[in-house]
Amino acid sequence: MKLLKLFSATLLMLGSLAVSAQADTPKDNITVGFIYVGPTGDHGWTYRHDIGRQQVEEAYGDRVTTRFVESVAEGADAERVMTQMALQGADIIFATSFGYMDPIMNVAKKFPNVKFEHATGYKSSDNVANYGLKLYQARHVQGVVAGMMTKTNKICYIASFPIPEVMREINTFFLGARKYNPDVELSIAWVYTWYDPGKEKDAATALIDQGCDIVAQHTDSPAPLQSAEQAGVLGFGQASDQMKFAPNAQLTATIDNWGPYYIRKVGQVLDGTWETGDYFGHMNEGAVQMAPFANMPADVQAEAQRVKDAISAGELFGFTGPINKQDGTVFLKDGEVATRMQLDTMDFYVEGITSQVPN
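This text gives an overview of the structure that appears in the document. Please read all numbers here as calculations on a predicted model, not as lab measurements.

About the criteria used
Residues numbered from 1 in each chain as written. Predicted model: local features only at pLDDT ≥ 70, side-chain atom pairs only at ≥ 80, totals over all residues. Heavy atoms only, no water. Helix = DSSP H or I, 4+ residues; strand = E, 2+ residues; numbered from the N terminus. Buried < 20%, exposed > 50% of the residue type's maximum accessible area, 1.4 Å probe, protein only. Phe/Tyr/Trp six-rings, centres within 6.5 Å; stacked < 30°, edge-to-face > 60°. Core = buried A, V, L, I, M, F, W, Y, C linked by side-chain atoms within 4.5 Å. Contact = heavy atoms within 4.5 Å. Pairing = 2+ DSSP bridges. Axes fitted to C-alpha atoms, helices over the stretch in contact; angles between N-to-C directions. Disulfide = S-S within 2.5 Å. 1 Å grid on protein atoms, 1.4 Å probe; cavity = no way out; pocket = protein on both sides within 12 Å on 5 of 7 lines; lining within 4 Å. Points joined across faces, edges and corners; volume = space filled by probe spheres on them. Nonpolar A, V, L, I, M, F, W, Y, C, P; charged D, E, K, R; others polar.

**Focus: unusual backbone geometry**
Alright, step 1. Pro-322 follows Gly-321 through a cis peptide bond whose omega is 15°.
Alright, step 2. Structurally, the position occupied by Pro-322 is in the loop between helix H10 (298-312) and strand E13 (323-324).
Alright, step 3. Of note in the backbone geometry, Thr-120 takes a positive phi value of approximately 70° without being a glycine.
Alright, step 4. By secondary structure assignment, the location of Thr-120 is in the loop between strand E4 (115-119) and strand E5 (128-133).
Alright, step 5. Taking relative accessible area as the criterion, Thr-120 reaches 19% and is therefore assigned buried.

Dropping the structure here:
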């Protein structure tokens, strides 16, 4: 919790940081580096980032050379890998996990002529930009489906690490479910890993044994969804369409579409117009996508589609008051909409979730 408070304070200090350009001369050819927290075959987070890398290659052909290193631990290993990439001539480096934030800032200071991009972070500089997707939009739709589909009124969530990105998705999932089912209960299992199929499966199986019949996750393998398939219950794919792993269980899936952003920012390095900044991709531009609705009645599908369309059109926002924090204090007043700052510093559960936030 102390770490999250420090995170919040730091973000407040950086909130007024102006976007600054770092113009450069156009280049005929560049090298693009990617640092991944998991394996490219996780069929989740890293898998989708690597599809984006491949789309960069397709877009620019022999004008770009891409390199990637997978399963890089957050911390000293990430700093070492990024340093090596910069020394080997990378013109731009994409670091694709929250825990790479301090390493990327350290390396960027040493290589001011290299452009750096950090996924899901909040720090920036003249040669460091950050980017993310509003994946909580799709998660809210999942919550609506979960609330309408559960038969036991027990839904569950396999969570990775208690960082704001994960906390806000847990909360919006629950808010979506509770809106349609006031009796729904949410159980949360923290596995403290982004990718470990064994841990993910064990956590999902334990919650299913306790009565959970809808499984959501913020981890990167199909294991929780496969556990749902084996147990005869339902769930959601993570980061990509995982229907092939659980054809009888998947209700839908969030699909992370990183390719357009990667193509745009690599193009800016090629033409000399790259600049730092903060990108937060929206459902309405195709950055946040969802797999087809499946294994649900027509009325549930229709309502899920209605909610999805409303979110995409900017007519519905999951974090709209009245919303209280878990302890009953007011988070958002009636009609009030959460700000970006409130989303990026979220370190609490909303009212109705009975689990305790990990320290």
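Further notes follow.
**A closer look at the packing of aromatic side chains**
The geometry of an aromatic ring pair comes down to the distance between the two centres and the angle between the two planes.
Alright, step 1. In the structure shown here, the tally under the stated rule is 23 aromatic pairs.
Alright, step 2. Ring geometry for Tyr-157 against Phe-173: centres 5.6 Å apart, planes inclined by 65°, an arrangement best described as edge-to-face. On the criterion of sequence distance, the pair formed by Tyr-157 in strand E6 (residues 154-159) and Phe-173 in helix H6 (residues 164-180) is long-range, its members being 16 residues apart.
Alright, step 3. Look at Tyr-157 and you get buried, because its relative accessible area is 0%.

**Topic: the nonpolar core**
Alright, step 1. Judged by nonpolar contacts, the single largest core of 97 residues is most densely connected at Ile-170 and Phe-319.
Alright, step 2. Those residues in contact with Phe-319 that lie beyond four places of it in its chain are Tyr-136, Arg-168, Asn-171, Thr-172, Leu-175, Phe-331, Leu-332, Glu-336, Val-337, Ala-338, Leu-343 and Met-346.
Alright, step 3. Counting 15 residues, the second largest nonpolar core, distinct from the first, contains Cys-156, Ala-204, Ala-228 and Ala-249.

**Some details on the sheet that holds E5**
Alright, step 1. Pairing within the open sheet is parallel, and its 6 strands lie in the order E2-E1-E3-E4-E5-E11. At either end of the open sheet lies a strand with only one pairing partner, and these are strand E2 (64-69) and strand E11 (278-281). For this sheet, the mean angle separating the axes of adjacent strands, direction not counted, is 20°.
Alright, step 2. Taken together, the 6 bridges between strand E1 (residues 30-35) and E2 define a ladder with parallel strand orientation.

**Regarding the state of the cysteines**
Alright, step 1. Counted under the stated rule, the structure contains 1 disulfide.
Alright, step 2. One disulfide bridge connects Cys-156 with Cys-212, the sulfur atoms lying 2.2 Å from each other. Between Cys-156 and Cys-212, the S-S torsion sits near -70°, and that sign places the bridge as left-handed. Pair noted here: Cys-156 is in strand E6 and Cys-212 is in the loop between helix H7 (197-209) and strand E8 (214-217), with a separation of 56 residues, a long-range link.

**Description of empty space enclosed by the protein**
Alright, step 1. If you walk through the whole model with that rule in mind, you get 4 cavities of 30 Å³ or more.
Alright, step 2. Taken as a whole, the largest cavity encloses approximately 200 Å³ of empty space.
Alright, step 3. Forming the walls of the largest cavity are 20 residues, and the residues nearest its centre are Thr-120, Gly-121, Glu-165, Arg-168 and Asp-344.
Alright, step 4. When contributions to the lining of the largest cavity are tallied by element, the ones reaching two or more residues are E5, H6, E11 and helix H11 (340-344).
Alright, step 5. Taken as a whole, the second largest cavity holds about 60 Å³ of empty space.
Alright, step 6. As for the second largest cavity, its lining consists of Trp-45, Thr-96, Ser-97, Phe-98, Thr-120, Ile-163, Glu-165, Trp-194 and His-218.
Alright, step 7. Broken down by class, the residue content of the lining of the second largest cavity amounts to 4 nonpolar, 4 polar and 1 charged.

**A few points about the side chain of His-49**
Alright, step 1. Within the element layout of this structure, His-49 appears in helix H2 (residues 45-60).
Alright, step 2. Look at His-49 and you get buried, because its relative accessible area is 0%.
Alright, step 3. Beyond its immediate chain neighbours, meaning those up to four positions away, His-49 contacts Tyr-36, Thr-96, Ala-119, Tyr-131, Trp-258 and Tyr-262.

That is the geometry; function is a separate question.
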